[in-house]
Amino acid sequence: MTTLASDSGDGAVAERKASGVATWWPRLRPLLLAAAFPAAMLAIWHFATIGRPGSLIPPPYEVWLELRDLAFGGINDDAYSKTLHIHLLASISRVYGGFALALIVALPLGMLIGRVPLIRQLLDPTIQILRPVPVTAWLPLAMIIFGLGPRSAFFLVFLGAFYPILVNTIFGVRSVEPRLFEAASMLGCSGSAQFFRVVLPAALPSIFTGTRLGLGFAWVVIVVGEMTGVQTGLGAIIMEARQLSRTEIVISGMIVIGAFGFLSDQLVMLIGRRLLAWSPSHG
Amino acid sequence: MAEGAIPILEMKNAGKTYSQNGRAIEALRGASLRVKKSEFVCLIGASGCGKSTLLRMAAGFEAATQGDVLMWGMPITGPGPSRGMVFQDYGLFPWLNVRDNIGFGPKSRGRTRAEIRETTDRFIELVGLQNFADIYPHQLSGGMKQRVAIARVLANDAEIVLMDEPFGALDAMTRERLQDELVEIWSRTGLTVIFVTHSIEEAIFLADRVVVMSPGPGRIDNEYSIDLPRPRDIASPEFNEWRRLLSSQLHSHHGRKAG
Ligand SMILES: Nc1ncnc2c1ncn2[C@@H]1O[C@H](COP(=O)(O)OP(=O)(O)OP(=O)(O)O)[C@@H](O)[C@H]1O
Ligand SMILES: [Mg+2]
């Protein structure tokens, strides 16, 4: 007890002493470091492409203009002007829809495979063989089964999110410390009650990791998913713009996917930190 | 009361043979032991002599492969709230704070919120963790974790507390303080304690009776009633005498192996 008390005391003293440079520099430093590399890349990109009209890669400023045109219009006034929100919304709904479906299927399935030997023996080998098949390879089959259009896209996003959630859920519910089952049963919690009071909370960090990876993959496969002939979506305009050699639109789409993928991951992390405050590696 | 006649815990010629990859490992042979209610028994002996096995059989985690293990004369068929175990590695639920760890047993038994609250408050106070009720196990020191583990078992109205080297991982100062507190709690509550230790001193300090075990296969060798008055003074000549006696008892087995 004394150690905890004295620790917090030391912290308070250190904070009072700190002033001026010492307070803002530690916060600014990581931001500067994080910005340094993209800034350098941007500079290289700029000087490598500027003043070359024949270049297939447009300079950053043109991409910036295109991005603004996509979002607000008023610059090019072409078919793409002011359409970003439509494509963004379409992609977001596919990403989150496919991800939600993956969650609904993979969580219970993973728990069953992890905890019920019969189901594990029945399904695990098949899953292990199907898992290495990349989402891209499913594309033709998806289009045959689900047809051209959003349903195929949805399926491919689902598939991308499915395996990380499933695999981590199985791992989580299988790797509960045996000691915790002993502790629960000697305290009067036995049988199926242990599933909700021991297995599930113990598996939560793994399940969370799988969920985070799954959502990440859903963003990663969105472009492939929207190669299925859908009209809207960030992936769709990227593929379309490629055929029209509108590289600035391709890059704009990439930037938007990156930004929203990042934001969505931050959101998940925020939820995770609240939910897993007890875990030394998450809290 | 009939309690005087029937021991709270009895082992009759109990043995345990584990089978591991088709190989049989005899961990314990012919163990007979009677523990009276409110008795403090220490098990001591070289590594691998079956102390943990004996304790786990009493807890109901392992079934005896020979003989009987009885509580109040009835066979023990599995783990249950009447026998609480305190593990060396604590075995706390990392996702529950101190209060909820202690309340786990009462909650399992369907107590109301108010009852659980009352019980947890009482036992948090008993082990002196009032200021840490909302803290998660990974933020606690080893000594505090072990206090929680003890409170968790007591909050569940355990009659027998089984402790497997509970203080083995703690530093000497924390260890001594917890020994004092354990004796204090034990003498106030009338608990029955079976306590495994590697430390002769700890055994003499705590126990009404010390059970000496030896390996190959694990068995009970001898029992000694420690008749020293409490609180015990580890520097007294009587204490030292016990220390010498038990130490020669334990080392005679090593001597046989070495020489
Ligand atoms: N689950 C198990 N499966 C197979 N063998 C086991 C198992 N548990 C214990 N044993 C073996 O049984 C014997 C007694 O083990 P036990 O853990 O009871 O000894 P111990 O006296 O507690 O030792 P220590 O002082 O090291 O804790 C050892 O030889 C051990 O290897
Ligand atoms: Mg042991």
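The structure displayed is predicted, hence computed values, not measured ones.

Student: Please explain the overall build of chain B as it appears in this structure.
Tutor: Scanning chain B for helices and strands turns up eight helices and ten strands. Since a compact globule built from 259 residues should have a radius of gyration of about 18 Å, the 19 Å found for chain B is in line with a globular shape. Across the 259 residues in chain B, those meeting the buried criterion constitute 53%. Within chain B, contacts between residues at least 6 apart in sequence are counted, and of these 69% link residues at least 24 apart. Per element, the accessible surface of chain B, about 11700 Å² overall, is 49% carbon and sulfur.

Student: Explanation requested: the packing of helix α4 (residues 84-115) of chain A against helix α5 (residues 117-130) of chain A in the structure shown.
Tutor: For any two helices packed against each other, one specifies the inter-axial angle together with the distance between the axes. Residue and element names in this part refer to chain A. Relative to each other, α4 and α5 sit at 115°, their axes nearing to 6 Å. Read as a crossing pair, α4 and α5 show a hand that is left-handed. Counting all contacts with α4, which are made through Leu109, Leu112, Ile113, Gly114 and Arg115, the residues of α5 involved are Pro117, Ile119, Arg120, Leu123, Asp124 and Ile127. Grouping the constituent residues of the contact of α4 with α5 by class yields seven nonpolar, one polar and three charged.

Student: I tried to follow the interface of chain B and chain A on my own but got confused; where do I start?
Tutor: Accessible area lost upon the coming together of the parts is a frequently used measure of interface size. Listed per partner, the contact involves 31 residues of chain B and 20 residues of chain A. Carbon and sulfur atoms make up 69% of the surface buried where chain B meets chain A, a total of about 2300 Å² over both sides. Where chain B touches chain A, the interface holds two salt bridges. In this structure, the salt-bridge partner of A:Glu182 is B:Arg56, at a minimum N-O distance of 2.6 Å. If you look at where chain B meets chain A, you find six residue pairs in polar contact (both at pLDDT 80 or more). Only β6 (83-86), α3 (104-108) and α5 (142-154) of chain B provide two or more residues apiece to the side of chain B that touches chain A.

Student: What should I look at first to understand the pattern of salt bridges in this one?
Tutor: Pairing of side chains with opposite charge becomes possible as their charged atoms draw close. Following the criterion strictly, the structure yields 24 salt bridges over all chains and no others. The closest approach of N and O atoms between A:Arg179 and A:Glu182, which form a salt bridge, is 3.0 Å. Note that A:Arg179 and A:Glu182 are positioned in helix α8 (residues 178-186) at a spacing of three residues, about one turn of the helix. Classification of A:Glu182 by relative accessible area gives buried; the value is 14%. One salt bridge connects B:Lys16 with B:Glu62, and the closest N-O pair in it is separated by 3.7 Å. Placement of the pair is B:Lys16 in strand β1 (residues 9-20) and B:Glu62 in the loop between α1 (51-59) and β4 (66-71), with a sequence separation of 46 residues. Using a relative accessible area of 19% as the deciding quantity, one classes B:Glu62 as buried. Beyond isolated ion pairs, a larger network of salt bridges with shared partners links A:Arg179, A:Glu182, B:Lys16, B:Arg56, B:Glu62 and B:Asp89.

Student: I'm lost on the sheet that holds strand β10 (residues 219-225) of chain B in this one. Help?
Tutor: Backbone hydrogen bonds hold the strands of a sheet together, and the pairing may be parallel or antiparallel. All names here are of chain B. Reading across from one edge, β6-β7-β8-β3-β9-β10 is the order of the six strands in this open sheet, with mixed pairing throughout. Where the open sheet ends on each side, the last strands, each with one partner, are β6 and β10. On average, adjacent strands in this sheet sit at an angle of 20° to one another, irrespective of strand direction. Across the sheet, α5 is in contact with β6 and β7 (160-164); its angle to β6 comes to roughly 175°.

Student: So what exactly am I meant to see when it comes to the packing of aromatic side chains here?
Tutor: Pairs of aromatic rings are described using the distance from one ring centre to the other and the angle between the two planes. Overall, the coordinates contain 16 aromatic pairs over all chains when judged by the stated rule. A centroid spacing of 4.3 Å and a plane angle of 25° characterise the contact between B:Phe93 and B:Phe104, whose relative ring orientation is stacked. Of this pair, B:Phe93 sits in the loop between β6 and α2 (98-102) while B:Phe104 sits in helix α3, placing them eleven residues apart in sequence. Relative accessible area serves as the criterion here: at 0%, B:Phe93 is assigned to the buried category. Among the aromatic residues, ring-to-ring pairing joins A:Trp138, A:Phe146, A:Phe155, A:Phe158, A:Phe162 and A:Tyr163 into one connected group.

Student: Help me out: how do you make sense of the site of ligand 1 in this one?
Tutor: Residue and element names in this part refer to chain B. Around ligand 1, a shell composed of 13 residues is seen, among which Ser47, Gly48, Lys51, Ser52 and Thr53 lie nearest. A distance of 3.1 Å separates an oxygen atom of ligand 1 from a polar atom in the backbone of Gly50. In the environment of ligand 1, an oxygen atom lies 3.0 Å from a nitrogen or oxygen atom belonging to the side chain of His198. Contributing elements (two or more residues each) for the shell around ligand 1: β1, β2 (23-35) and α1. Among the elements that line the shell around ligand 1, the one with the most residues is α1, at three residues.

Student: Before we go on, may I ask you to explain the environment of B:Asp89 in this structure?
Tutor: Position of B:Asp89 among the secondary structure elements: in the loop between β6 and α2. When the C-alpha atoms of B:Asp89 and B:Met74 are compared, they prove to be 30 Å apart, with 15 residues separating the residues in sequence.

Student: Looking at this structure, how should I read the confidence of the model for chain B?
Tutor: Keep in mind that low pLDDT regions are not for reading the predicted coordinates in detail. Residue and element names in this part refer to chain B. Mean pLDDT over chain B works out to 93, with 96% of the residues at or above the 70 mark. A low-confidence stretch, residues 255-259 stays under pLDDT 50, and its non-local contacts, those more than four residues away or across chains, total two contacts. Interface confidence for the predicted complex, given as ipTM, is 0.92, next to a pTM of 0.88.

Student: Help me out: how do you make sense of the domain arrangement of chain B in this one?
Tutor: All names here are of chain B. Its domain assignment divides chain B into domain 1 (1-82 + 159-259) and domain 2 (93-157). Between the C-alpha centres of domain 1 and domain 2 the distance comes to 26 Å. Contact residues are listed per partner, giving 14 residues for domain 1 and eleven residues for domain 2. A combined buried area of about 1000 Å² lies between domain 1 and domain 2, and 68% of that area is made up of carbon and sulfur atoms.

Student: Just to check I follow, could you spell out the environment of B:Pro229 for this structure?
Tutor: Within the fold, B:Pro229 resides in the loop between β10 and α8 (237-258). It is 9.9 Å that separates the C-alpha atoms of B:Pro229 and B:Asp208, two residues lying 21 residues apart in sequence.

Student: What is the right way to look at unusual backbone geometry in this model?
Tutor: With the exception of glycine, the majority of residues adopt a negative phi angle, and the majority of peptide bonds are in the trans configuration. Residues and elements named next belong to chain B. Following Gly216, the chain continues into Pro217 via a peptide bond in cis, with omega recorded as -10°. Residue position: Pro217 is located in the loop between β9 (209-214) and β10. The linkage connecting Arg230 with the following residue, Pro231, adopts the cis geometry, with an omega of -5°. Here Pro231 lies in the loop between β10 and α8. With a phi close to 70°, Ser38 is a non-glycine residue in the positive phi region. Checked against the element boundaries, Ser38 lands in the loop between β2 and β3 (40-45).

Student: Would you explain α8(A) in this entry?
Tutor: Given 3.6 residues per turn, any residue in an α-helix points the same way as the ones three and four places further on. The buried count for α8(A) comes to seven of nine residues, which makes it a mostly enclosed element. Those residues of α8(A) that sit buried are A:Leu180, A:Phe181, A:Glu182, A:Ala183, A:Ala184, A:Ser185 and A:Met186. Looking at the packing, one finds that the buried side of α8(A) touches α4 and α9 (193-220) of chain A together with α1, β6, α3 and α5 of chain B. Directly after α8(A), the chain includes A:Gly188, whose backbone phi takes a positive value near 95°.

Parameters and conventions
Residues numbered from 1 in each chain as written. Chains lettered and ligands numbered in written order. Predicted model: local features only at pLDDT ≥ 70, side-chain atom pairs only at ≥ 80, totals over all residues. Heavy atoms only, no water. Helix = DSSP H or I, 4+ residues; strand = E, 2+ residues; numbered from the N terminus. Rg over C-alpha atoms; globule rule 2.2 N^0.38 Å. Buried < 20%, exposed > 50% of the residue type's maximum accessible area, 1.4 Å probe, protein only. Contact = heavy atoms within 4.5 Å. Areas by Shrake-Rupley, 256 points an atom, 1.4 Å probe, with all protein chains shown as cover. Axes fitted to C-alpha atoms, helices over the stretch in contact; angles between N-to-C directions. Left-handed = near helix turned anticlockwise from the far one by under 90°. Nonpolar A, V, L, I, M, F, W, Y, C, P; charged D, E, K, R; others polar. Buried area = accessible area lost by both parts, 1.4 Å probe. Salt bridge = Lys/Arg side-chain N within 4 Å of Asp/Glu carboxyl O. Polar contact = N/O pair within 3.5 Å; in protein donor to acceptor, adjacent residues only side chain to side chain. Pairing = 2+ DSSP bridges. Phe/Tyr/Trp six-rings, centres within 6.5 Å; stacked < 30°, edge-to-face > 60°. Near = heavy atom within 4 Å. pLDDT = per-residue confidence, 0-100. Domains from an automatic or database assignment.

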